[in-house]
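# Architecture and fold: a report
Now for the letters of each chain:
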Amino acid sequence: MKERKKDIEDKLTKVTINEDKEAHIVVKKELCPECEGKPCIPACPAANYDWEETEDQLIFNYEGCLECGTCRFICPLDAIEWSYPRGGYGVAYLWG
Amino acid sequence: MDKVQCVVVGAGPAGSACALSLARKGIETVLLERGAHAGEKNVASFVLFTPVLRQLIPDFEAEAPLERLVDDQSFIYMGEKDFFQIRMRFQNHADKKMAYTAYRSKFDAWFAEKAREAGAELLTNVLVTDLLMEDGRVVGVKVGEEELLADVVVGADGIHTVVGRQAGLVSDDIRTYLLGVKEILDLDPEVIDERFQLEKGKGVVYETFGYPMDDVTGASTLYTNKDSLSIAVFGWIDAIKERGIDLHDRLQQLKEHPFIHSLVTGSKLREYQAHIISNGGRMDLSDLYSDGVLLCGEAGGFNDYLYIGVPPGMLSGMMAANTVEYAVKKGDYSAETMEEYISFLEKTSLLRLLDNSRRASDYLVKGGRRTLPAHIRNVVEIIDKSMEDEVTYLNPEPYPAGLEFYFRIIENWVPGLLRKPIKVVIKALSLLSSALNRRKIRKALQ
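Residues numbered from 1 in each chain as written. Chains lettered and ligands numbered in written order. Predicted model: local features only at pLDDT ≥ 70, side-chain atom pairs only at ≥ 80, totals over all residues. Heavy atoms only, no water.

## Digging into the overall build of chain A
The following threshold applies: Strands are runs of DSSP state E lasting at least two residues, helices are runs of H or I lasting at least four, and both sets are numbered from the N terminus onward. C-alpha atoms define the radius of gyration in this analysis, and the globule rule sets the expected value at 2.2 Å times the number of residues to the power 0.38. Each residue is assigned to one of three classes by its accessible area relative to the maximum for its type, calculated with a 1.4 Å probe on protein chains only: buried under 20%, partly exposed between the two thresholds, exposed over 50%. Contact definition: two residues touch when any of their heavy atoms are within 4.5 Å.
Broken down by element type, chain A carries three helices and six strands. Mapped in sequence order, the helices and strands of chain A form the string α-β-β-α-β-β-α-β-β. Computed over C-alpha atoms, the radius of gyration of chain A comes to 13 Å, within 12% of the 12 Å expected from 2.2 N^0.38 for 96 residues, which places it in the range of a compact globule. For chain A, the spread of C-alpha atoms along the principal axes amounts to about 40 × 30 × 20 Å. By residue count, 52% of the 96 residues in chain A fall in the buried class. In chain A, the proportion of contacts linking residues at least 24 apart, taken out of those at least 6 apart, comes to 67%.

See below:
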């Protein structure tokens, strides 16, 4: 899992993202410890979801978001409030 | 408060085709795009089939940002280390210049500019957050605190459509959605020409089936741009949800497959991308319109069963424009008037296409999705075994490939619990037959 995160972080250095100060995705993290599968962690192609074992909680960054919207559809507990970033912010693909 | 005749939300191919058509009809149109320029939010495995665009802009090739003319296409069936390829080259397609590869970020920006030149007002950096409603009718859009009134709002705002959702027209069936994860890989143009056996300016599209996506969709793709390769894998969203499928990992596996590796080796990552697509036909026809609103492009599920979305999107945008013109002439924007959209769509093949898409996705959802991708791998492996047997010449009784194939088919159809014993039978069959083979070969050579 660590290796995956590192690989993806390297790849994200090639992506242009105009980060907003406002989060466009809000996760109700208090629900996550109950979640069995936690599919968001392997599913997110930007590896924005991770699990902190020692604190038993979800770590989430919206900053590297590729705006695919996978997490919006797959969260088993509907713990993810998803919207697009504000106009002009977020990912800007140069070669989409 | 400003009011215009029509607001088109989203300057992708559908929205821009709609705005361009509306502007040409002299209808006052505002085209809203959430990116800093059109195309920067968009990702596709972009092989542009040209006939629809040619209707709108006959000489588009003179100025559109295109990459390579595609007249060479392959279906590639993949085992873990093996493959077989069906290669097609159709002279007619080449003569008619039927398909080009391109980048959405470049193409969409150019196409939106054509809509602007025709007279539509293009506003970028604008995210529509809400619809303005009045007595259940759509009367405009909200952009943060600002409001823009319109006689008609056309939702061309993609799979996550704000317009469609707020108008209550879209409900998600994630079994018909796919996540695509894609990379653009830098590679010298001459190396591309040599590796793919290409004449100058020409390109290929490989549709790859089977490994490493056997258990998800079976689908991946590789195609050539001028100085890069695009490579992508696709996975069903519900499979990702239920089984925690990691598409980044699958893409790595694809690139390490011996054949694909030989094509991508030495390339360098230029960009990493992800996007969700539908396989079309996800809407009831009555969910394409309502009072004061129409949906086109991916927002309306205009994507064919081969996941080709841009030309159907454009055409749906053009038909939406015809509907708006009809409503303007009538001076009425109610759902009854908007229903004319369906009549305009009926004049094209789009409704038949949506119907096919729905049937294809029903088939996949109901069972085909489990068996179809696995079949491909089975075929590759059985061909491999039979071929080996065939050219060994020393075995009087060939390997029972047919028998194994039937077992493999059964394996895909039985419930999960029974699959394990059948797997064991297949393995035993395979071991037994290779032991017998060795014996027979020894005997033959004595």
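From this point, things continue past the structure.
## Observations concerning the pairing of strand S9 (residues 137-143) of chain B
Residues and elements named next belong to chain B. Quick note on the threshold: Pairing between strands is defined by DSSP: at least two bridges between the two strands are required.
As defined by bridge partners, strand S8 (residues 130-134) adjoins S9 across five bridges and the pair is classed as antiparallel. Paired with Glu 134 across the two strands is Arg 137, which belongs to S9. Here S8 folds back onto S9 in antiparallel fashion, the turn holding two residues, of which Asp 135 has a positive phi close to 50°. Relative to strand S10 (residues 146-155), S9 runs antiparallel, the two sharing four bridges. Its bridge partner lying in S10, Lys 142 is registered against Glu 147. Hairpin connection of S9 to S10: two residues between the antiparallel strands, including Gly 144 at a positive phi of 60°.

## So, the layout of surface pockets
Residue and element names in this part refer to chain B. Going by this rule: The distinction between a cavity and a pocket rests on a 1 Å grid over the protein atoms alone: a 1.4 Å probe fits inside a cavity but cannot get out, while a pocket stays open yet meets protein on both sides within 12 Å along at least five of seven lines, and a residue with an atom within 4 Å of a point counts as lining. Grid points are joined across faces, edges and corners, and a volume is the space filled by probe spheres set on the points. For this scheme, ten residues count as nonpolar: Ala, Val, Leu, Ile, Met, Phe, Trp, Tyr, Cys and Pro. Four count as charged, namely Asp, Glu, Lys and Arg, and the remainder, Gly too, count as polar.
There is about 740 Å³ of room inside the second largest pocket. Lining the second largest pocket are 27 residues, and of these Ala 374, Asn 378, Glu 411, Asn 412 and Lys 423 sit closest to its centre. Counting only elements with at least two residues in the lining of the second largest pocket, the list comes to helix H7 (237-243), helix H13 (350-392), helix H14 (401-413) and helix H15 (416-445). Here the residues of the lining of the second largest pocket are counted per class, giving seven nonpolar, three polar and 17 charged.

## A closer look at the pattern of salt bridges
Let me state the cut-off plainly: Salt bridges are defined by distance alone: a side-chain nitrogen of Lys or Arg within 4 Å of a carboxyl oxygen of Asp or Glu.
For the coordinates displayed, the defined rule picks out 29 salt bridges over all chains. A salt bridge links Arg 34 of chain B to Glu 67 of chain A, with the shortest nitrogen-to-oxygen separation between them at 2.8 Å. Of this pair, Arg 34 of chain B sits in the loop between strand S2 (29-32) and strand S3 (47-49) while Glu 67 of chain A sits in the loop between strand S4 (57-60) and helix H3 (70-74), each in a different chain. One exposure class covers both Arg 34 of chain B and Glu 67 of chain A, and it is buried. A salt bridge links Lys 114 of chain B to Glu 63 of chain B, with the nearest nitrogen and oxygen atoms 2.5 Å apart. Separated by 51 residues along the polypeptide, Lys 114 of chain B in helix H4 (residues 104-118) and Glu 63 of chain B in the loop between helix H2 (51-56) and strand S4 (69-78) bring together distant segments of the chain. Relative accessible area serves as the criterion here: at 43%, Glu 63 of chain B is assigned to the partly exposed category. Salt bridges here are not isolated pairs; linked through shared partners, they connect Lys 11 of chain A together with Glu 183 and Lys 255 of chain B.

## Some thoughts on empty space enclosed by the protein
Residues and elements named next belong to chain A. One pass over the full model with this rule turns up four cavities of 30 Å³ or more. By volume, the largest cavity is sized at about 110 Å³. Looking at the largest cavity, it is lined by 15 residues, and the ones nearest its centre are Cys 44, Pro 45, Cys 65, Cys 68 and Cys 71. Here the residues of the lining of the largest cavity are counted per class, giving eleven nonpolar, three polar and one charged. The calculated volume of the second largest cavity comes to roughly 90 Å³. Around the second largest cavity, the lining comprises 13 residues; the ones closest to its centre are Cys 32, Cys 35, Cys 40, Cys 75 and Ala 79. Grouping the amino acids of the lining of the second largest cavity by side-chain chemistry returns twelve nonpolar, no polar and one charged.

## What to know about the interface of chain B and chain A
Where we set the bar: Here's the idea: put two parts together, see how much 1.4 Å probe accessible area each one loses, and the total over both is what we call buried area. Between N or O atoms, a polar contact is any pair within 3.5 Å; within protein, one atom must be a potential hydrogen donor and the other a potential acceptor, and residues adjacent in sequence are included only when both atoms are from side chains.
Counting residues at the interface gives 42 residues for chain B and 35 residues for chain A. Summed over both partners, the interface of chain B with chain A buries about 3400 Å², with 58% contributed by carbon and sulfur atoms. Contact with chain A buries area across many residues of chain B, yet His 160, Glu 271 and Tyr 272 of chain B alone supply 20% of it, more than any other trio. Counting across the chain B and chain A interface gives four salt bridges. The residue Glu 183 of chain B makes a salt bridge to Lys 11 of chain A at a minimum N-O spacing of 2.5 Å. Run the count over chain B and chain A and you get 22 residue pairs in polar contact (both at pLDDT 80 or more). Where the side of chain B that touches chain A is concerned, the elements lending two or more residues are H4, strand S11 (177-186), H7, helix H8 (247-256) and strand S15 (268-278) of chain B. No other element matches S15 of chain B, which puts eight residues into the side of chain B that touches chain A.

## Let's talk about the packing of aromatic side chains
Residue and element names in this part refer to chain B. Condition: Classification of ring pairs rests on two measures: the distance between centres of Phe, Tyr or Trp rings, Trp counted by its six-membered ring, which must be within 6.5 Å, and the angle between planes, read as stacked under 30 degrees, edge-to-face over 60 and tilted in between.
Going through the model one piece at a time under the given rule, you end up with 15 aromatic pairs over all chains. On the numbers, 6.2 Å between centres and 25° between planes, the contact of Tyr 206 with Phe 259 is stacked. On the criterion of sequence distance, the pair formed by Tyr 206 in strand S12 (residues 202-210) and Phe 259 in helix H9 (residues 258-264) is long-range, its members being 53 residues apart. Overall, Tyr 206 belongs to the buried group, its relative accessible area being 5%.

## As for a positive patch on the surface
Residue and element names in this part refer to chain B. Convention followed: By definition, no residue in a patch forms a salt bridge, and every one has over 30% relative accessible area; like charges are joined within 9 Å, nonpolar side chains (Val, Leu, Ile, Met, Phe, Trp, Tyr) within 5 Å. Accessible areas in this description were obtained via Shrake-Rupley with a 1.4 Å probe; residue shielding takes into account the shown protein chains only. Counting rule for charge: Lys and Arg are taken as positive, Asp and Glu as negative, and neither His nor the chain ends is counted. For charged residues, the charge sits on one atom: NZ in Lys, CZ in Arg, CG in Asp, CD in Glu.
Positive charge collects at one region of the surface, where Arg 438, Arg 439, Arg 442 and Lys 443 lie side by side. Here Arg 439 is to be found in helix H15. We classify Arg 439 as partly exposed; its relative accessible area is 47%.

## Comments concerning the side chain of Asn 225 of chain B
Residue and element names in this part refer to chain B. Structurally, Asn 225 is set in the loop between strand S13 (219-224) and strand S14 (228-236). A relative accessible area of 0% means that Asn 225 is categorised as buried. Contacts of Asn 225, omitting those with residues within four sequence positions, involve Glu 67, Arg 68, Thr 101, Ala 102, Tyr 103, Ile 192 and Ser 230.

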